[in-house]
Amino acid sequence: MFLSGTDSAESIWQTIRAHLRAEYGTRTYDSWLKPLALVSVDADTVTLGSPTHFTADWIRNHFAERLRLLWAAQSAAIQHVRIVVENGLRTAAVPEPEQPVAVPAAVREAPAFGVALEPRYTFDSFVVGKANELAYNAARTVAEGGPIDFNPLFLHGTTGLGKTHLMHAIGWQIRSAMPGAKVVYMSAEKFMVEFVSAMRDKDTLSFKQKLRTADLLMIDDVQFIAGKDSTQEEFFHTMNEIISAGKRLVITADRSPQNLEGIENRILSRLAWGLVADINPADYELRLSILLEKMKRMPGATVGEDVIDFLARKITSNVRELEGALNRIVAYSTLVGKPIDLDFARQVLADVLKAHDRKVTIDEIQRKVADYYAIKLSDLLSARRAREVARPRQVAMFLAKRLTPRSLPDIGRRFGGRDHTTVMHAVKRIEELRADDSELDADITRLTRIIDA
């Protein structure tokens, strides 16, 4: 039964649903979160209904903490979120832990301003590699609370590489070290919306006070204020106030200050005045480490090393999509009751893999084979028949036939105008040799990985 105030609770729920769609993306939202329905609000507990036991259990394991956080941010009275299975008029409760997990005090208290921090995003859960080492170390320095030689810290990189994760981690660390510290985190878009709202309500003084009294101010995706003159004016003065007061300022964007367009020069100068740290796309080793770390937090899942290696090599765009691919195959495996092997992973991720497939070119194969065997590219394409050149040439032809859609005549023309029968012979010869020559077979495997990467 709904208590009085249901209309208000339903309004809050619609706001949270919109936030979930924006945060997790349409595919994840539609698959898992969209079927959720608001059942009741009773004292400090919100009850949400899921259509099946499986989805209820999955939501509890993967989204319950986030749901509690979002409800707590909207209403400080809410401390628990309960997931039940709702079948028409009958509602069967999914078994709950003996004691519901309460929202930690630091999380339960809705932020006075800005957006609540995500509990999952801590330094402990951030996997460090060459691509993000500088940004990680800089973030840790800011979070330690001691004197720093730079302010602001400006993190930049494309989407899904960990900028937001590091900002939340800084916030949690500061709160842990200084419980009374005022931490404000918000996107640049929210900064703009709140500022415009304050101007409309003729209450800009309150807006300024909330931001400029922060001990740590973090603004995400600053590129979104490009071309917004009045917002940039306020943003510039807020930056100055924070820096002048010796408080900490962390800002992120999808590109370096020098490449931000539509942002005033005085703001860009301020951003470049501090420490600018880029986060590069994760290399294979870092992608592999991220997947292995994530597997530690999925004790019920069995995913072979070959599948983990496959994901690390194929999903190269960003960390968020990499983790999403792992979540997806584990979820599908649970749904259909099938073990996770390479064929299953390829089937489940067919659309993702298709989007990530890049076209390997014959030129690329020729360059990488020449580098691998330490010969000149011109020799690879020449008429020389010496073994040290002929065998790598056959390997390159074999890989060109295997990794590209080019016809045999096309491949022959790209290898110094050779006939297609020469390519056929090379492909057949390499196939025969691989069966007995383990060293050549290893060479082909390594070269394939080099080219795929």
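It should be noted that the structure appears before, not after, this text.
Numbering of residues starts from 1 in every chain and runs along the sequence as written. Thresholds applied to this predicted model are a pLDDT of at least 70 for local features of residues and 80 or more for the giving and counting of side-chain atom pairs; totals over whole chains, interfaces and linings are not thresholded and use all residues. The basis for the side-chain values is all heavy atoms of the structure; hydrogens and waters are excluded.

Draft legend 1. Summary view of the overall build of the chain. Helix numbering and strand numbering both begin at the N terminus, where a helix is a DSSP run of H or I of at least 4 residues and a strand a DSSP run of E of at least 2. Secondary structure summary: the chain contains 22 helices and nine strands in total. Considered along the principal axes of its C-alpha atoms, the chain spans approximately 85 × 60 × 35 Å. Within the span of the chain, comprising 453 residues, buried residues form 46% of the whole. Look at the contacts in the chain between residues 6 or more apart in sequence, and 71% of them connect residues 24 or more apart. We get accessible surface area from the Shrake-Rupley algorithm with a probe of 1.4 Å; when it comes to residues, only the shown protein chains can shield them. Only carbon and sulfur atoms are counted for the fraction: they give 50% of the accessible area of the chain, which is about 23,100 Å². Here's how the labels work: a residue is buried when its accessible area is under 20% of the maximum for its type, exposed when over 50%, partly exposed in between, all with a 1.4 Å probe on protein chains only. Any two residues whose heavy atoms approach within 4.5 Å at even a single point are treated as in contact.

Draft legend 2. Examining the environment of Pro 51 more closely. You can see Pro 51 is positioned in the loop between strand E2 (45–50) and helix H3 (53–62). For the pair Pro 51 and Lys 376, spaced 325 residues apart in sequence, the C-alpha separation works out to 64 Å.

Draft legend 3. Local environment of the nonpolar core. Membership of the largest hydrophobic core comes to 55 residues, with the highest contact counts inside it found for Leu 48, Leu 67, Trp 71, Leu 311, Leu 326, Ile 329 and Val 330. Of the residues forming this core, the biggest block, seven residues, is contributed by helix H14 (residues 319–336). Take the buried Ala, Val, Leu, Ile, Met, Phe, Trp, Tyr and Cys residues and link them wherever side-chain atoms come within 4.5 Å; each set so joined is a nonpolar core.

Draft legend 4. Region of interest: the packing of aromatic side chains. A pair of Phe, Tyr and Trp rings is counted when the ring centres sit within 6.5 Å of each other, with Trp represented by its six-membered ring. The angle between the planes then sorts it: under 30 degrees is stacked, over 60 is edge-to-face, the rest tilted. Scanning the entire structure with this criterion turns up seven aromatic pairs. With a centroid separation of 5.8 Å and an interplanar angle of 85°, the aromatic rings of Phe 123 and Tyr 136 are classed as edge-to-face. Here Phe 123, found in the loop between helix H5 (105–108) and helix H6 (133–143), pairs with Tyr 136, found in helix H6; they are 13 residues apart in sequence, far enough to count as distant. Ring centres of Phe 191 and Phe 235 lie 5.6 Å apart, and the angle between their planes is 85°; this geometry places the pair in the edge-to-face category.

Draft legend 5. Layout of the sheet that holds strand E7 (residues 216–220). If you walk across this open sheet you meet the five strands as E6-E7-E8-E5-E9, and the pairing is parallel. Edge positions in the sheet fall to strand E6 (183–187) and strand E9 (275–278), since each of these pairs with one other strand and no more. Neighbour-to-neighbour, the strand axes of the sheet open up by a mean angle of 15°, direction not taken into account. At least two DSSP bridges between two strands are needed for those strands to be called paired. Fitting a line to C-alpha atoms yields each axis, with helices limited to the stretch in contact; the angle taken between N-to-C directions then spans 0 to 180 degrees.

Draft legend 6. Structural view of the environment of Leu 33. Looking at the secondary structure, you find Leu 33 in helix H2 (residues 26–33). The residues touching Leu 33, leaving out its near neighbours within four places in the chain, are Arg 17, Leu 20, Tyr 24, Thr 28 and Phe 63.

Draft legend 7. Just the packing of helix H19 (residues 387–403) against helix H21 (residues 420–436), in detail. Following both chains from N to C, one finds H19 and H21 inclined at 100°, their axes separated by 8 Å at the closest point. Of the possible angle classes, the one that applies to H19 and H21 is roughly perpendicular. Touching Arg 391, Gln 394, Val 395, Met 397, Phe 398, Lys 401 and Arg 402 of H19 are Thr 422, Val 423, His 425, Ala 426, Val 427, Arg 429, Ile 430, Glu 431, Leu 433 and Arg 434, all from H21. Classification used: nonpolar for Ala, Val, Leu, Ile, Met, Phe, Trp, Tyr, Cys and Pro, charged for Asp, Glu, Lys and Arg, polar for all others including Gly. Within the contact of H19 with H21, the residues separate by chemical class into eight nonpolar, three polar and six charged. Put simply, angles under 35 degrees are roughly parallel, angles over 145 are roughly antiparallel, angles from 65 to 115 are roughly perpendicular, and the rest are oblique.

Draft legend 8. Structural view of the pairing of strand E1 (residues 37–42). Summarising the sheet, E1 and E2 pair through five bridges and their orientation is antiparallel. Residue pairing in the sheet places Ser 40 in a bridge with Thr 47 of E2. Adjacent in sequence and paired antiparallel, E1 and E2 are bridged by two residues, among which Ala 43 carries a positive phi angle near 55°.

Draft legend 9. Region of the structure containing a nonpolar patch on the surface. Taken together, the side chains of Tyr 332, Leu 335 and Val 336 define a hydrophobic patch exposed on the protein surface, amounting to about 280 Å² of accessible area. Its location among the elements puts Leu 335 in helix H14. Each patch groups residues whose relative accessible area exceeds 30% and which form no salt bridge, using 9 Å between like charges and 5 Å between nonpolar side chains of Val, Leu, Ile, Met, Phe, Trp and Tyr. Salt bridges, as used here, are contacts in which a Lys or Arg side-chain nitrogen is within 4 Å of a carboxyl oxygen on Asp or Glu.

Draft legend 10. Quick look at the pairing of E7. Across the five residues of E7, five count as buried, placing the element largely inside the fold. Side-chain alternation along E7 places Leu 216, Met 218 and Asp 220 on one buried face and Leu 217 and Ile 219 on a second face that is also buried. In this structure, E7 lies alongside strand E8 (residues 248–253), joined through four bridges in parallel fashion. When the sheet's bridge partners are listed, Leu 216 is paired in E8 with Arg 248. By definition, the crossover connecting two strands over a helix is right-handed if that path, from the first strand to the second, turns clockwise as seen with the strands pointing away from the viewer. Between the parallel pair E7 and E8, the chain is carried across by helix H10 (residues 229–244), and the sense of this crossover is right-handed.

Draft legend 11. Expanded view of the packing of H6 against helix H7 (residues 163–177). Interhelical geometry of H6 versus H7 gives an angle of 25° and a closest axis separation of 9 Å. As the angle between them shows, H6 and H7 are arranged roughly parallel. Pair H6 / H7 crosses with right-handed handedness. From H6, Ala 135, Tyr 136, Ala 139, Val 142 and Ala 143 reach across to H7, where they touch Leu 166, Ile 170, Gln 173 and Ile 174. For the contact of H6 with H7, a count of residues per class yields eight nonpolar, one polar and no charged. By convention the crossing between two helices is left-handed if the near helix lies anticlockwise of the far one by an angle smaller than a right angle, and right-handed if it lies clockwise.

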